[in-house]
Amino acid sequence: MDITIVGGGMVGMAQAALLAVRHPQLQVALLEAGELPEVSAATYDPRVVALTQASQELLDEVGAWPSIAGRACPYTEMRVWDAEGTGSVRFNSRDVQLPNLGHIVENSVVISALRERIEALPNVEVITGFRLESWWRDCGLWHLQARSDRVNVIEGLEENGAILRTRLLVGADGVRSKVRELLRIRTRDTLYQQTALVCVARCEASHQHTAWQRFLKSGPLAFLPLAGLGDDNHCAVVWSADEALARELMMLDDSAFALNLEKAFESRLGCVESVSERFSFPLRARHAESYYGPGAVLIGDAAHNIHPLAGQGANLGLQDVRALSEEIGRALNRGLEPADPSALSRYQRRRRGDNAATLKAMSTFKSLFGAGDLHWRWLRNTGLSMVDASPLLKKRIILRAMAV
Ligand SMILES: Cc1cc2nc3c(=O)[nH]c(=O)nc-3n(C[C@H](O)[C@H](O)[C@H](O)COP(=O)(O)OP(=O)(O)OC[C@H]3O[C@@H](n4cnc5c(N)ncnc54)[C@H](O)[C@@H]3O)c2cc1C
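Residues numbered from 1 in each chain as written. Predicted model: local features only at pLDDT ≥ 70, side-chain atom pairs only at ≥ 80, totals over all residues. Heavy atoms only, no water.

Thoughts on the site of the ligand
Working step 1: The local shell around the ligand holds 31 residues, among which Glu-32, Ala-50, Leu-132, Asp-301 and Ala-314 are the closest.
Working step 2: A distance of 3.1 Å separates an oxygen atom of the ligand from a polar atom in the backbone of Val-11.
Working step 3: With the chains in place, 82% of the 1000 Å² that the ligand exposes on its own is no longer accessible.
Working step 4: Split into classes, the residues belonging to the shell around the ligand amount to 17 nonpolar, nine polar and five charged.
Working step 5: Counting residues domain by domain, the shell around the ligand receives three or more from each of domain 1 (3-38 + 111-188 + 286-366) and domain 2 (48-109 + 193-283). (Near = heavy atom within 4 Å. Polar contact = N/O pair within 3.5 Å; in protein donor to acceptor, adjacent residues only side chain to side chain. Areas by Shrake-Rupley, 256 points an atom, 1.4 Å probe, with all protein chains shown as cover. Nonpolar A, V, L, I, M, F, W, Y, C, P; charged D, E, K, R; others polar. Domains from an automatic or database assignment.)

Description of the pairing of strand β5 (residues 77-82)
Working step 1: Of all the six residues making up β5, five are buried; the element is thus mostly covered by neighbouring parts of the structure.
Working step 2: The pairing of β5 with strand β6 (residues 88-92) spans five bridges and is antiparallel. Among the inter-strand pairings, Met-78 is bridged to a residue of β6, identified as Phe-91.
Working step 3: Bridge count between β5 and strand β14 (residues 210-216): six bridges; the pairing is parallel. From the neighbouring strand, Met-78 faces β14, where its bridge partner is Ala-211. (Buried < 20%, exposed > 50% of the residue type's maximum accessible area, 1.4 Å probe, protein only. Helix = DSSP H or I, 4+ residues; strand = E, 2+ residues; numbered from the N terminus. Pairing = 2+ DSSP bridges.)

Observations regarding the packing of helix α1 (residues 10-22) against helix α4 (residues 107-119)
Axes are the key here: two packed helices are described by the angle between their axes and the distance separating the axes.
Working step 1: Where α1 meets α4, the axes come as close as 9 Å, and the angle between the chain directions of the two elements is 25°. Taken together, the axes of α1 and α4 are roughly parallel relative to one another. Here the hand of the crossing between α1 and α4 comes out left-handed. Two secondary-structure elements touch here, α1 through Met-10, Met-13, Ala-14, Ala-16 and Ala-17 and α4 through Asn-107, Val-110, Ile-111, Leu-114, Arg-115 and Ile-118.
Working step 2: Grouping the amino acids of the contact of α1 with α4 by side-chain chemistry returns nine nonpolar, one polar and one charged. (Axes fitted to C-alpha atoms, helices over the stretch in contact; angles between N-to-C directions. Parallel < 35°, antiparallel > 145°, perpendicular 65-115°, else oblique. Left-handed = near helix turned anticlockwise from the far one by under 90°. Contact = heavy atoms within 4.5 Å.)

This is the structure:
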């Protein structure tokens, strides 16, 4: 193989598709420990992302967007308000003369659309059910050892074991990245002592194609509009809460949870009529000190993991995908190996500073909205109202967020 990507989440799949489309001369493999998710025709997947226009363009370039569009909900407005004061801000796509501010899409819809595209590309192979465990390097080639609990599916290898040889290894294996661990790359971590609880809620009123976010003292609560299954009343809920509260909320039965949710959201969309199964994710900020090692590189959550309050994790990961493809293309045009250190260091230079700035902004935002004393409450409420009253500032914030 020329390039092997470890991890078949949204970022790894997008990387495989973009490399294969832009560089048809390369042979690409993608190794995924689990199975790729299926899209349900009857229910929504509670794990969603708010995709920016830049991410949409990338998914369009690889041919995945047409399959995503039918289940993507464009949102034209974003409303943010503080539970402890009167500060609030509305961002509308009219402020920037665009049809929408982005799309809310289920993770499984994006991954399935990418899989569909990849299956039609002759130079990518997806191997599911194999977990990367170890490796060694010899004469510039990585030898990757992966294992499966199932039968051996890679020809000519020992039972349940597989060895892949590759020139460049791309770690897209998420926040607990094995590739990062094997490269001995350290991370800077901030534990937020918060958990994000996600589910789908059916509300009495239409979501109005608006992304809603209320900042509670215990953490932000978002209602994100969903589309594709026939009505405008379903929202994906992302409730980031201090760990003790999140544990209590997870233990409630559905009707008690729906009542708590409705109260925390000030019944902005009427009654919460029903809720789906809930999932929880511990929240942290984690940033790899380096994005590459000899012949290997990190992208997506393997390189950086941020608080979901501004919905930027996957968008940043897709920008990594674009930058890495461009740097590999540049190396190939100059007759260099795709794993040439100059290509990997240029990729790191392009992405690490940008990602660090977003991580820092999210941590500051989180601290500002978590602070309970009068001084900070006054500051953030005044700040929200000032932004709301300034069309120029609003425009700048929207355009900055949409460029990610
Ligand atoms: C509650 C919540 C809400 C969010 N909302 C948004 C949002 O609105 N907008 C946004 O942009 N981002 C959002 N994010 C962040 C976004 O979901 C992530 O940044 C994104 O999904 C990361 O994708 P990834 O492909 O890098 O990693 P992952 O999705 O974690 O995928 C990693 C893959 O690697 C596989 N893997 C792991 N180890 C191995 C191994 N050893 N061998 C083989 N395979 C392996 C795993 O099985 C997995 O499939 C949110 C996150 C959370 C928790």
